[in-house]
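Chain residues, written in single-letter form:
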Amino acid sequence: MAVEELQSIITRCQILEEQDFKEEDFGLFQLAGQRCIDEGHIEQLLEIIQNEKNKVIIKNMGWNLVGPVVRCLLWNKEDEKRKYYFLMLDLLVKLCNPKELLLGLLELIEEPSGKQISQIILLLLQPLQTVIQKLHNNKAYSVGLALSTLWSQLSLLPVPYSEEQIQTDDYGLCQCCKALIEFTKPFVEEVIKDKENSMENENEKLKDELLKFCFKSLKCPLLTAQFFEQSNEAGNDPLRCFASEIIGFLSAVGLPFPKMFFNHGRKKRTWDYLEFEEEEDKQLADSMASLAYLVFVQGISIDQLPMVLSPSYLLQFNMGHIEVFLQRTEESVFSKGVDLLENGLLRIEDNSLLHQYLEIKSFLTVPQGLVKVMTLCPIETLRKKSLAMLQLYINKLDSQGKYTLFRCLLNTSNHSGVEAFIIQNIKNQIDVSLKRTHNNKWFTGPQLISLLDLVLFLPEGAETDLLQNSDRIMASLNLLRYLVIKDNEKDNQTGLWTELGKIENNFLKPLHTGLNMSKAHYEAEIKNSQENSQEVQKSKDLCSVTVGGEEIPNMPPEMQLKVLHSALFTFDLIESVLARVEELIEIKTKSTPEENIGIK
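If you look the protein chain up in an unreviewed UniProt entry, it shows as Glomulin isoform X1 from Enhydra lutris kenyoni.

In structure tokens form, the structure reads like this:
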């Protein structure tokens, strides 16, 4: 019945001119064709499509059948008639109006979600490429529309994180990336061919669309993609292969690679002609950061860059990209920033990075970004690597640069452990300075005293939370102990002895008071906890204790007692070091220089 109905519509339309086809005819043709497919009359439908007499009708109306055919291919994977569906799809792509087909195919690509996204993209990329090749007018627009639609759908797929996920490729992203390269190659080759023929204006728009796609791909999926170690397996890494091809496209259709690469961020960028939309322009920073990582860390196309560039220039160039990485919250992204920083720092000699570089915003925001990773990242290996990179960064700076960075991090880190780390580095620099024939002015005298003002004090006086700040306080006391031992009152190289009265008033005395208050508070809490523990054991409930105005989370009484005793132990430890510092000060102020030798 469906076949007869379709044949009747075709017979009526055969006598009409192409321009006389009515909207009603299109609708009836689509319904009848759909019914033929639903009822399984595929071979008869193929005969109708292949009939030369129906050529004009199929050209104008046949694109309406593409959707039903594609859905059959997606849903009926075991159907014995699949070969006929494929044949019909090929015929429709060959015979139908390419403009209508293009829009129809892109609508089909936009429909699915989840794992079906990759399935329909893999199915339709070849037909889509064929259709676009038939469009001689506005080809650049068609290519841009297709690439934008494909990229939008691919960006919805999760990027595989581990090597196992890349190999299983559950959502098909890796397969799609490989297929997308094959889809794009003919258009890239077309641009290259026209460049060789000096046809400057013909394919400028096509080149722009390809460059837009490349930059989008650098952001997604390549910004978050993980890559195998550079070994024999690297060639089997589909995302790395995709990255290599995308960078190859950039080199082939854009300006010379070094010029394009190093001009990012300048007022007149080499790709201003691309006319990125505002949102796309914001994404360009992510794309360029991704490109920098792929080139310098993964080594893709690094041989295209000039080898005469200085390590400090390369670090300066990459610092902005590292900043972009560290501003992101995804572990797979900010870890790339840490790797890129390591790559740049390892090229530079210790103590050679000039302090003037810290006048560039990113040279201060990057170490602050490392601090965030060190303190907030849940992955221990990344925390440790960020700490190691901060230390490496400190090692590369000259003395004034170290001094400036220490002041910055002491004022901005707001983390006791990080401040203790910086104070230990200050101690190391003082030690180096005191051992030199000519003192380093940044870690002796007035400059050092200005820095010590940020170290040897309690932020809230005696009311400071000593437990929360215990790491910083212990590091400060150890630094003060070191200064008292190493610097005699007569020499006063560090300026410590001139400022001793201020240090006692701002640091030592408030610390004494705070310790007494804290110990009394915690001892009272231990007593209360012990008194309440028997009642709690009877009821078998959890108990809570308030310390420093904040309630310790509910936990068994024995665990709370352990926490409270641990706090008391910390206070005792601080108190013992404080007592030793004060003892050393007393000895030093009452002894002769000869008697001070050997004091520890």
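That was the structure; now back to the text.
A. Region of interest: the overall build of the protein chain. What the protein chain contains, in helices and strands, is 26 helices and 2 strands. Expressed as a percentage of its 600 residues, the buried residues of the protein chain come to 49%. If you take every contact in the protein chain between residues at least 6 apart in sequence, the share linking residues at least 24 apart comes to 72%. Accessible surface for the protein chain amounts to roughly 29,900 Å². Of this, 49% is attributable to carbon and sulfur atoms.

B. Quick look at unusual backbone geometry. Look at the link from Cys 220 to Pro 221: it is a cis peptide, with omega at 15 degrees. If you check the backbone angles, Asn 138 has positive phi at about 55 degrees while not being a glycine. Here Asn 138 lies in the loop between helix H8 (116-134) and helix H9 (139-154). We note that Ser 301 has phi near 65 degrees; this positive angle belongs to a residue other than glycine. Locating Ser 301 in the fold gives a position in the loop between helix H15 (278-296) and helix H16 (311-327). On the basis of relative accessibility, which here comes to 14%, the residue Ser 301 falls in the buried class.

C. Inspection of H9 at higher detail. With 16 residues, H9 should cover 22 Å at 1.5 Å per step; its first-to-last C-alpha distance of 22 Å lies within 8% of that length. Most of H9 sits out of view: 12 of its 16 residues are buried. For H9, every residue scored as buried is listed here: Lys 139, Ala 140, Ser 142, Val 143, Gly 144, Ala 146, Leu 147, Thr 149, Leu 150, Trp 151, Gln 153 and Leu 154.

D. Examining the pattern of salt bridges more closely. Applying the stated rule across the entire model yields 20 salt bridges. For the salt bridge of Asp 453 with Lys 502, the shortest nitrogen-to-oxygen distance reads 3.1 Å. Within this pair, whereas Asp 453 is found in the loop between helix H22 (445-452) and helix H23 (470-486), its partner Lys 502 is found in helix H24 (residues 500-539), the two being separated by 49 residues in sequence. Looking at Asp 453, the relative accessible area reads 37%, which means it is partly exposed. Connected through salt bridges with shared partners, the residues Lys 219, Asp 286, Arg 328 and Glu 330 form a single ionic network.

E. Highlighting the packing of aromatic side chains. Tallied over the full model, the rule gives 9 aromatic pairs. Between Phe 183 and Phe 187, the ring centres sit 5.6 Å apart and the planes meet at 65 degrees, which makes this aromatic pair edge-to-face. With Phe 183 and Phe 187 both in helix H11 (residues 173-196), this residue pair falls 4 residues apart, about one helical turn. Classification of Phe 183 as buried rests on a relative accessible area of 2%. A network of ring pairs unites the aromatic residues Tyr 403, Phe 406, Trp 442 and Phe 443 as a single cluster. We note Lys 115 situated over the ring of Tyr 171; from NZ or CZ to the ring centre the distance is 5.5 Å. In this structure, Lys 427 packs its charged tip against the face of Tyr 482, placed 5.0 Å from the ring centre.

F. Spatial organisation of helix H12 (residues 204-219). When the terminal C-alpha atoms of H12 are compared, their 23 Å separation across 16 residues agrees well with the 22 Å that a helix rising 1.5 Å per residue should span. Counting buried positions along H12 yields 13 of 16 residues, so the element is predominantly enclosed.

G. Expanded view of the packing of H9 against H12. Relative orientation of the contacting elements H9 and H12 amounts to 10 degrees, with a least axis distance of 8 Å. Taken together, H9 and H12 sit at an angle that is classed as roughly parallel. Of the residues in H12, those touching H9 at Ala 140, Val 143, Gly 144, Leu 147, Ser 148 and Trp 151 are Lys 205, Leu 206, Glu 209, Leu 210, Phe 213, Lys 216 and Ser 217. Split by residue class, the contact of H9 with H12 holds 7 nonpolar, 3 polar and 3 charged.

Criteria and cut-off values
Residues numbered from 1 in each chain as written. Predicted model: local features only at pLDDT ≥ 70, side-chain atom pairs only at ≥ 80, totals over all residues. Heavy atoms only, no water. Helix = DSSP H or I, 4+ residues; strand = E, 2+ residues; numbered from the N terminus. Buried < 20%, exposed > 50% of the residue type's maximum accessible area, 1.4 Å probe, protein only. Contact = heavy atoms within 4.5 Å. Areas by Shrake-Rupley, 256 points an atom, 1.4 Å probe, with all protein chains shown as cover. Expected span 1.5 Å × (residues − 1). Salt bridge = Lys/Arg side-chain N within 4 Å of Asp/Glu carboxyl O. Phe/Tyr/Trp six-rings, centres within 6.5 Å; stacked < 30°, edge-to-face > 60°. Lys NZ or Arg CZ within 6 Å of the ring centre and 35° of its normal. Axes fitted to C-alpha atoms, helices over the stretch in contact; angles between N-to-C directions. Parallel < 35°, antiparallel > 145°, perpendicular 65-115°, else oblique. Nonpolar A, V, L, I, M, F, W, Y, C, P; charged D, E, K, R; others polar.

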